[in-house]
Amino acid sequence: MYLKRIKINNFRKFGLGNNEVELVDAQSYLKRKEAKDVNIASTTTLIVGKNNVGKTTIIQAMNKLIHGENINSNDFNFFYLKKLFSEYKIDNYKNIPIIEFIVTIGLDKGRDDYVTNIIPFMLLKDIDATEMNIIVRYELTDTELFISAVKKIITKKYNESVKFSRILDVIDDSHYTVNYYDKNMKKVEKFHLKDLIDLAMVKANNVTGDKCLSDAFNKIIQYRYEELFKDEKEALEDKLAKINNSLTKDIERKHTKPINSSLKRVVSGDILHVLLSADLTFQKLIRNMVKYEYIEKGNHIPENQFGLGYTNLMMIIADLIDYMEKYPDSAFNSRINLICIEEPETYMHPQMQELFIKYINDAIATLLSFRNKNINSQLIITTHSSHILNSKVHIGESFNNINYVTAKDNFTKVIPLNDILISPSGTTNDKDFKFIKKHIKFNFSDLFFADAAILVEGISEYNLLPFYLNQDRNLKHKYITILNINGAHGLVYTNLIKALKIPTLIITDLDIKRDDAEKENFKQISSLKGRTTTNQTIKAFNSGMDNIEDLANYLQDENIYVLFQRKTGYYFPTSFEEAFIAKNFDNAILNEVLKRIKPGIYNEILGNSVNYQYNKKYSYKWQSKLSNDKSRFSNEILYEMMTQEDNIPTLPNYIEKGLKFLSLELGSR
Amino acid sequence: MIVMLSQISRENQQIEKATIDKIFRNIDDKKCTIFNAGAGAGKTYALILSLKYAVNTYGKMLKEHNRQIICITYTNVATEEIKKRLGNTSIVRISTIHERIWNFIHGYQKELVELHLENLIKQVDELVEQTTNQKEFELYRQLSNDDKSNFFNIMFENKDTYYKSYNLGAKDFKQALSSILGVYASLLKNVAHFKKIVNTLFRIGNYKKCIQNIHESKPGYNEVLYNVLSNRDQLHRMKISHDTLLEYGYQMIKKYDLLKRFLVDKYPFMFIDEYQDTKEIVISVMDMLQQFSVDIKHPIFVGYFGDSVQNIYEDGVGTNIGNFHSGLEVVNKEFNRRSAQEIVYVANKIRNDEIVQSSIFEDCQGGSVEFYVGDERDATDFIEKNTLNATKENPVHCFMLTNKSVAQFSGFENLYLLFSSTQYYKTYYQQLNTELLSDDPSKLGEIPLLIFRIVKFINKVRNEETSITDVLTYSIYANNNLSQVKVLVDLLKRIEGTTLLNNIQSICGFYQSEDNLSYKKVIDSLFDIDESSIVDIKRYMIQKLYPNMTEEIEDDARKNVENILNLEMNEYTRWYDYLTGNHLGNVVYHTYHRTKGLEFDNVIIVLGNSFGKERNYFNLFFKNYKDSGHLIDEDLKKYEQARNLLYVSVTRAVKNLKILYIDDVSGFSDVVESIFGEIQVYSRDN
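Residues numbered from 1 in each chain as written. Chains lettered and ligands numbered in written order. Predicted model: local features only at pLDDT ≥ 70, side-chain atom pairs only at ≥ 80, totals over all residues. Heavy atoms only, no water.

1. Overview of the overall build of chain A
Within chain A, the regular secondary structure consists of 25 helices and 19 strands. The C-alpha radius of gyration computed for chain A amounts to 34 Å, which surpasses the reference 26 Å derived for 669 residues by more than 25%, pointing to a less compact arrangement than a globule. Considered along the principal axes of its C-alpha atoms, chain A spans approximately 115 × 75 × 60 Å. Counting only residues that meet the buried cut, chain A has 52% of its 669 residues in that class. Within chain A, contacts between residues at least 6 apart in sequence are counted, and of these 76% link residues at least 24 apart. As presented, chain A carries roughly 31,800 Å² of accessible surface, and 49% of it is formed by carbon and sulfur atoms. Between the centroid of the 89 positive side chains of chain A and the centroid of its 85 negative side chains there is a distance of 2 Å. (Helix = DSSP H or I, 4+ residues; strand = E, 2+ residues; numbered from the N terminus. Rg over C-alpha atoms; globule rule 2.2 N^0.38 Å. Buried < 20%, exposed > 50% of the residue type's maximum accessible area, 1.4 Å probe, protein only. Contact = heavy atoms within 4.5 Å. Areas by Shrake-Rupley, 256 points an atom, 1.4 Å probe, with all protein chains shown as cover. Lys, Arg positive; Asp, Glu negative; His and termini not counted. Charge placed at Lys NZ, Arg CZ, Asp CG, Glu CD.)

Pasting the structure below:
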């Protein structure tokens, strides 16, 4: 039994679409169950996305849901409420505001979990089902009280915004009840989700003082003594009593008497005595029992000298131990145990983030083997760390159970990823997919946290684009990741990019096929009639055709724009450098750089004249001659642009157009 | 013309509002009220408005002090309807009277057990009394006291043999028991008497044992349980059913002022729907509470919603409500919100009292009322010809004069005939209407209810859309894993058979063959008799359907019970569909009683002189119509019963009403014409 999916309707920034979080798929669950070693990475749910898109809202929703907390008007999606309220008329209050969650429980084939809590939701035909839905609704406890209060507001002549906020007040004054329904919307009484699902929140950022680790471990040891080693605890308490006894005697003899006789002299008579006695108790002892040290190369290093990151990790593990210890021993489970860790990456250096899931996995595996418990636990981690994402993909060898969270038009969108969705061929065993799983950690996981992406096919674009993005009024505040895909292997990411739905530019080259003679003569091409391209990206997005006679100005597939050089003046440039030169043929910086790296060619092309038009006319020649110095070319240009304020060269038109697309896409957010 | 029933004039709106406001004012003033609304007057509508008014005016205050409003309905169906129309609420508690009374008293177990103990002692006294004066006990009485107790002990030790032999023929029965009985074999002379003696002695024994257990505070004997799904008390098992529940409730409230105090403080507003069919004892409870509330100066409001003319159940309080709860203020409503004007006109004529309804709608014309005279043999043809245009979406509803014809047209005639030929239902013929045909399972007779439970269970198990919790209770599935539940469910799905008997055999077969404790628990609670076996079911059926067994009828009795069990399952399913309102055809058949509270666009009523066992029923109504003032006692009562039933039936129609009278009307044709208009002679040939 496991929590498979949760759908969130009209809660805060969640609307009615793209609101399903896939926690664990059946396949991963089985894999984990049947595996010999404990590997929770495969069933760990990752909720990734940049800040403020709604990752925490998911956890909060689950928390409210499971612990049955009351809701208030802020928990409703305001767009939903606005629409609802606008339908209210004096005598029509048909739809009253509700928040709904659909919780899907996966049932495994082993079927050895107690199903006491899930049976009320099952029909006879579901006896062989592999998943069950529980519909949870927050509904008004007293509909009539709500309606009469709203009616009073509707009949007054408030303007819309006053009306809206007044009705919100009514919601805040109303009481909501959590109701549960089966899939036929039959109400299920006497059920509470917390009987079925337990949610433990492990706090990251829990480093509160110098001794917090010792405190954490002391707490665990105390618990273990009290629950698991009762006899030993009693024996210890007996010992303590003896010690107290003899200590008290000793104190009395050596200290109490002298002190009292001194007191007698100061405060007259027998009025005042002090009684001193030893008071060691189990609790006091345990509180200070354990000293937490780290042994490094034989040296004991005290707790307060560790880095914050390490302490943080240890605190998380200590919390996990605490949780596991308290979980009852049983061969059967009747509950699902969720352990939630929110953004654990704080204070951790990248290497530790990269290994985080492995650490947690090892910790849990050790705990389980030690206690021989059958804990039906699922780990849920929210993160904006690309390293943690990498480690999940790497250790779990899959994109399953990763939920990408993003925001569009004020609505949170959850996009559950899985291998089939992302694999270029739609199957999980082809080479391209293996490549992605390994390759993603080379910056490509940035895609998950970026507002937009630009994929370039050359070093010059890669070097120069950040400068221009920083100049752009609209784009400079956005996080746009630029990835260099040398050659066509960027194409394997197409499905992932589509799944993530982030606006993406692929900046590629027209790569008109030229025969040897044309290459030899640096033939400038002014017409595409009968021409083909050698560029694989264009081919892929151009329905597989290499004929570019009727090629559109740009190609688009969902959120991906493919851009390439268009006619500049009389000719078609076929690379970024060529287009850049053609566009900025008379720019001082450009001419200076060209002259500096290729003084001979510069001379050849321009001679002694100052007719920069020649740069345009011989753009293809420039391209050919620069082909081994692209990196230097772009770095020199960049250097000049950084150090000079005026006469900055502009980007070729096709790229400018691309940036305009991005501006438009991102502007709508 | 099409009847629209949509436009209400401003004037009518205001008049209606004034009536409703009157109730509101009474709620504010805590003036207990009877709201009398003729059929279709929008009684439920007014009830809902009143409830909403109380919620809106006092809701916040009530919530703050954790007080509530009570609304009592006549059936579970009505409870659901009001819940639906009222929306979610934590302030109004809507339920049937039984649920409510149980809720009132179930928390006071110490006092309840005390009351129960008194009742047991009383029952024992009564049974002992029987043994001293009834003729069946003649032989028993001749025994000495020692012999009496010896005899009891022998029978008690051989209980199993007694029960196993119970269904045997007289000869075999005697043979089976005579050796056990030894010197007491002479008591076997008359087997029926013998059984009566032993059954009575066993009951006395059970009750005494229970009394002892209560005194000794044995586990399970410190609380009284209310068994919702059964119509019989099992006093010795501390279980009570509906009637005893009301009695206990009455006694408890009467006895304990603190309970009264609690109830009036907790529930300052009480609304009772369909008061006319509510039992007198319930009205007494309300009266007690209200009087008490006045005495302690926390007056409560009690509102009765109904119509005395629609009193069709004999145990309902009807017009006598004033005798049980005095000082009620009457609010009448004379608008009709249901029917076309033509039907309202006929209804007024039948009612013939101070309430004269008119439709609240402007566009109320266009309905039809047609009255035909024919004979009994015309009914089938009449219904057939007049339902040609009926569809499942727009069905015609036929009210049948006899239960038999309802059963016949609805496809369970055999079942009906077999039950009506049993000794019990021959004696209590009147009960057959509710005990075999009521849509409220709590009103079914003991044996019909047992069979209903079994048929329902089989139907549920065969329907894949059934919730598992509909067939398995919590105690069955708790702490089971899915594989175990699957084994159980798969086993239940294997129950099969073409007749009821086959099915029960199948159920009992698995009970024997499968070593599945959960399954046994399910079946035990399904049958709810001592042993889950066919023999026990048969014995139980014979006991209940033939309470006064004589040797002459023994063979018949056994044969009849066999026949009941041997009926096709399909027939039972049709009966089950009928009871649960699962109408599958274009024509739906009802008994007159079953239509209470409902409304249908198109109605056919088959009417005649007789009703039930009364040969002269409706004809007496018509004959006395013009001069009913001189009627007294039984005659008046009969007259009113006939009038009420006819009124309720006619007022179910919204648009079109056709009546076929299957007896001669010449003795009162003028009255019929004055009520229904022209009399047409029905002829089958046309």
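2. What about unusual backbone geometry?
Note: most residues except glycine have negative phi, and most peptide bonds are trans. For A:Asn52, which is not glycine, the phi torsion reads 60 degrees and is therefore positive. Note that A:Asn52 resides in the loop between β3 (45–48) and α2 (55–67). By relative accessible area, which is 67% here, A:Asn52 ends up exposed. One non-glycine residue with positive phi stands out, namely B:Asn352, at about 55 degrees. Tracing the sequence through the fold places B:Asn352 in the loop between α15 (341–351) and β10 (358–359).

3. Section: the pattern of salt bridges
One pass over the full model with this rule turns up 67 salt bridges over all chains. Residue B:Lys43 is joined to B:Asp273 by a salt bridge in which the shortest nitrogen-to-oxygen separation is 2.9 Å. Of the two residues, B:Lys43 is situated in helix α2 (residues 43–64) and B:Asp273 in strand β6 (residues 269–273); the sequence distance between them amounts to 230 residues. Pair check on accessibility: B:Lys43 and B:Asp273 agree, each one buried. One connected set of salt bridges, linked through shared partners, spans A:Lys4, A:Arg5, A:Lys7, A:Glu20, A:Glu22 and A:Glu131. (Salt bridge = Lys/Arg side-chain N within 4 Å of Asp/Glu carboxyl O.)

4. Here's the deal with the interface of chain A and chain B
At the interface, 30 residues of chain A touch 34 residues of chain B. Carbon and sulfur atoms supply 57% of the area that chain A and chain B bury against each other, a total of about 2,800 Å² over both sides. Counting the contacts that link chain A with chain B gives five salt bridges. We note a salt bridge from A:Glu144 to B:Lys52, for which the minimum N-O separation is 3.6 Å. Counting the contacts that link chain A with chain B gives 20 residue pairs in polar contact (both at pLDDT 80 or more). Broken down by secondary-structure element, the contributors of at least two residues to the side of chain A that touches chain B are β5 (131–140) and α4 (143–155) of chain A. Taken together, the residues of the side of chain A that touches chain B break down into twelve nonpolar, eight polar and ten charged. (Buried area = accessible area lost by both parts, 1.4 Å probe. Polar contact = N/O pair within 3.5 Å; in protein donor to acceptor, adjacent residues only side chain to side chain. Nonpolar A, V, L, I, M, F, W, Y, C, P; charged D, E, K, R; others polar.)

5. Quick look at the pairing of β3(A)
Residues and elements named next belong to chain A. Burial along β3 is two-sided: the residues Thr-45 and Ile-47 and Leu-46 and Val-48 are all buried. Pairing analysis gives four bridges linking β3 to strand β12 (residues 377–383), with the strands arranged parallel. Counted as the bridge partner of Ile-47 is Thr-382 from β12. (Pairing = 2+ DSSP bridges.)

6. Side note on the packing of helix α19 (residues 576–583) of chain A against helix α25 (residues 653–667) of chain A
All names here are of chain A. Across the interface, α19 lies against α25 with an axial gap of 9 Å and an inter-helix angle of 100 degrees. Between α19 and α25, the interaxial angle falls into the category roughly perpendicular. Where α19 approaches α25, its residues Phe-576, Ala-579 and Lys-583 are matched on the opposing element by Asn-653, Tyr-654, Ile-655 and Glu-656. (Axes fitted to C-alpha atoms, helices over the stretch in contact; angles between N-to-C directions. Parallel < 35°, antiparallel > 145°, perpendicular 65-115°, else oblique.)

7. A word on a negative patch on the surface
Residue and element names in this part refer to chain A. Taken together, Asp-231, Glu-232, Glu-234 and Asp-238 make up a surface patch of like negative charges. Tracing the chain through its elements places Glu-234 in helix α8 (residues 230–266). Residue Glu-234 is classed as exposed on the basis of its relative accessible area, which comes to 52%. (Patch = residues over 30% accessible without salt bridge, like charges linked within 9 Å, V, L, I, M, F, W, Y side chains within 5 Å.)

8. Re the domain arrangement of chain A
Taken domain by domain, chain A comprises domain 1 (212–327) and domain 2 (450–669). With centres defined by C-alpha atoms, the gap from domain 1 of chain A to domain 2 of chain A works out at 71 Å. (Domains from an automatic or database assignment.)

9. Comments concerning a positive patch on the surface
Together, A:Lys152, A:Lys156, A:Arg166 and B:Lys60 give the surface a local cluster of positive charge. Within the secondary structure layout, A:Arg166 lies in helix α5 (residues 160–173).

10. A short note on the confidence of the model for chain B
When pLDDT is averaged along chain B, the result is 92; 100% of the residues meet or exceed 70. Confidence estimates for the predicted assembly give a pTM of 0.82 and an ipTM of 0.80. (pLDDT = per-residue confidence, 0-100.)

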